[in-house]
Amino acid sequence: MSENQNLLAEQRRALILDEVRRRGGVRVNELTRKLNVSDMTVRRDLDALARQGVIEKVHGGAVPVVEASTHEPGFEAKSTLELTAKEDIARAAAAMAVPGSAIALSGGTTTYALAQHLLDVPDLTVVTNSVRVADVFHAAHRPGAPGGRPGAATVVLTGGVRTPSDSLVGPVADRAIAALHFDVLFLGVHGISVEAGLSTPNLAEAETNRRFVQSARRVVVVADHTKWGTVGLSSFAALDEVSTLVTDAGLPAGARAEIEERLPGLLVAGDDESAEV
């Protein structure tokens, strides 16, 4: 962990959360030394992470929350996590989008980051069930908006029932997606593992994601390293249905070897030695 007094609060909290998950717990005095900040700053950071439901405060420190397979964090809670990793993944995945193609973007904070990098890809047709993703493209089209891009993608929002992660799911979304065909699907996931494949805690979202996978020629999963080994309530695709996984350099070497054995493509964003295989 970096000893940098000038880290933004969100960066400090991401580092703290990573340390809690990696070690199974941390103490306040350890964090003050490693981050070179005050005891009060660390305690505020732990309070913020506890409010998000991602850690549990204990006397003198914090431990990770053991989440049930049905637990689904909201968009705002997830949006503060693994920011650098998501940005690296989004930049790498955007380079895979072909101008003039029809693509799909599922819900999630990583696909939200990706959407912002896709604004400069010309003549895209984007189908999404994410309210947040649709808003990115809508803002780019808005006349006079800062950073507006009149030539940004044409977007189709599926409709459906809104989840805590601001995705639209259910029969309306499923029927809309089933009637369409995509050159590539960029898919965010709650969890990915050898045994369970791709999974989510939301049963309706699992069915909607299943329709996305069935309608795509190519499936590109965008998931940071913390998603590896996580299993949600419902699986919706096996690993052999994935064309490429785009992840970050935090992925352990053992997991990387397992993925390379099972997937046609692995792209580790932010890793200079990595190339898609």
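This write-up is about the structure you can find in this document. These numbers were taken from a predicted model, which means no experiment stands behind them.

### Quick word on the pattern of salt bridges
Line of reasoning, step 1. Tallying each qualifying case throughout the model produces 13 salt bridges.
Line of reasoning, step 2. Note that Arg132 is salt-bridged to Asp166, the shortest N-O span being 2.6 Å. Here Arg132, found in helix H7 (residues 131–141), pairs with Asp166, found in the loop between strand E7 (161–162) and strand E8 (168–169); they are 34 residues apart in sequence, far enough to count as distant.
Line of reasoning, step 3. Residue class for Asp166 comes out buried when judged on its relative accessible area of 10%.
Line of reasoning, step 4. Across the salt bridge formed by Arg211 and Glu207, the nearest N and O atoms sit 3.0 Å from each other. Of the two residues, Arg211 and Glu207 are both situated in helix H9 (residues 203–214); the distance of 4 residues between them amounts to about one turn of the helix.
Line of reasoning, step 5. In this structure Arg211 comes out as partly exposed when scored by relative accessible area, which is 24%.
Line of reasoning, step 6. The class for Glu207 is partly exposed, based on a relative accessible area of 26%.
Line of reasoning, step 7. Through salt bridges that share partners, Arg12, Arg13 and Asp45 make up one connected network.

### Regarding the environment of Asn29
Line of reasoning, step 1. By secondary structure assignment, the location of Asn29 is in helix H2 (residues 28–35).
Line of reasoning, step 2. Look at Asn29 and you get partly exposed, because its relative accessible area is 42%.
Line of reasoning, step 3. Placed 10 residues apart in sequence, Asn29 and Asp39 show a C-alpha to C-alpha distance of 7.1 Å.

### Remarks on the sheet that holds strand E13 (residues 234–237)
Line of reasoning, step 1. Read from one edge of the open sheet, 3 strands run E10-E11-E13, paired in antiparallel fashion. The two strands at the open ends of the sheet, each matched to only one other strand, are strand E10 (191–193) and E13. Each strand of the sheet is rotated relative to its neighbour by a mean of 35°, with strand direction disregarded.
Line of reasoning, step 2. When strand E11 (residues 197–200) meets E13, the two strands line up antiparallel, connected through 3 bridges. Across the sheet, the residue bridging to Leu198 is Ala237, located in E13.
Line of reasoning, step 3. Against the sheet, H9 contacts E11 and E13, and its axis sits at roughly 10° relative to E13.

### Side note on unusual backbone geometry
Leaving glycine out, the prevailing phi sign among residues is negative, and the prevailing peptide bond configuration is trans.
Line of reasoning, step 1. One non-glycine residue, Asn36, lies in the positive phi region at around 60°.
Line of reasoning, step 2. Mapping Asn36 onto the fold places it in the loop between H2 and helix H3 (39–52).
Line of reasoning, step 3. Accessibility expressed as a relative area gives 39% for Asn36, which makes it partly exposed.
Line of reasoning, step 4. We note that Asp123 has phi near 60°; this positive angle belongs to a residue other than glycine.

### Some points on the packing of helix H1 (residues 9–23) against H3
In helix packing, the relevant descriptors are the interaxial angle and the interaxial distance, both defined with respect to the helix axes.
Line of reasoning, step 1. Packing of H1 against H3 brings their axes to within 10 Å, and their N-to-C directions diverge by 75°. Considering their axes alone, H1 and H3 lie roughly perpendicular with respect to each other. Listed contacts from H3 to Arg12, Arg13, Ile16 and Leu17 of H1 are Thr41, Arg44, Asp45, Leu46, Ala48 and Leu49.
Line of reasoning, step 2. Of the residues assigned to the contact of H1 with H3, the class counts are 5 nonpolar, 1 polar and 4 charged.

### Points about H1
Line of reasoning, step 1. Helix length check: H1 (15 residues) gives 21 Å between terminal C-alpha atoms against 21 Å at 1.5 Å per residue, within 8%.
Line of reasoning, step 2. Here H1 has its buried residues at Arg12, Ala14, Ile16, Leu17, Glu19 and Val20.
Line of reasoning, step 3. Close packing links the buried residues of H1 with strand E1 (26–27), H2, H3, strand E2 (55–58) and strand E3 (61–64).
Line of reasoning, step 4. Just downstream of H1, Gly24 is the residue with a positive phi angle, here 85°.

### A few points about the sheet that holds E1
Line of reasoning, step 1. In spatial order, the strands read E1-E3-E2; together these 3 strands make up an open sheet with antiparallel pairing. The sheet terminates laterally at E1 and E2, the two strands that pair on one side only.

### Regarding the pairing of strand E12 (residues 219–222)
Line of reasoning, step 1. Neither face of E12 is open: one carries Val219 and Val221, the other Val220 and Val222, and all of them are buried.
Line of reasoning, step 2. Two elements, strand E9 (residues 184–188) and E12, share 4 bridges in a ladder whose sense is parallel. When the sheet's bridge partners are listed, Gly188 is paired in E12 with Val222.
Line of reasoning, step 3. Pairing of E12 with strand E14 (residues 244–248), which is carried by 3 bridges, proceeds in the parallel orientation. Within E14, the position partnered with Val222 by the bridge is Val246.

### Points about the nonpolar core
Line of reasoning, step 1. Grouped together as the largest cluster of nonpolar side chains are 29 residues, with contacts concentrated most on Leu105, Leu114, Leu118, Phe137, Phe186 and Val246.
Line of reasoning, step 2. Ranked by residues supplied to this core, first place goes to helix H5 (residues 83–94) with 5 residues.
Line of reasoning, step 3. When neighbours within four sequence positions are excluded, Leu114 is seen to be in contact with Ala90, Ala93, Ala94, Leu105 and Phe186.
Line of reasoning, step 4. Residues Val127, Phe212, Val213 and Val242 belong to the second largest nonpolar core, which totals 28 residues.

Conventions and cut-offs
- Residues numbered from 1 in each chain as written.
- Predicted model: local features only at pLDDT ≥ 70, side-chain atom pairs only at ≥ 80, totals over all residues.
- Heavy atoms only, no water.
- Salt bridge = Lys/Arg side-chain N within 4 Å of Asp/Glu carboxyl O.
- Helix = DSSP H or I, 4+ residues; strand = E, 2+ residues; numbered from the N terminus.
- Buried < 20%, exposed > 50% of the residue type's maximum accessible area, 1.4 Å probe, protein only.
- Pairing = 2+ DSSP bridges.
- Axes fitted to C-alpha atoms, helices over the stretch in contact; angles between N-to-C directions.
- Contact = heavy atoms within 4.5 Å.
- Parallel < 35°, antiparallel > 145°, perpendicular 65-115°, else oblique.
- Nonpolar A, V, L, I, M, F, W, Y, C, P; charged D, E, K, R; others polar.
- Expected span 1.5 Å × (residues − 1).
- Core = buried A, V, L, I, M, F, W, Y, C linked by side-chain atoms within 4.5 Å.

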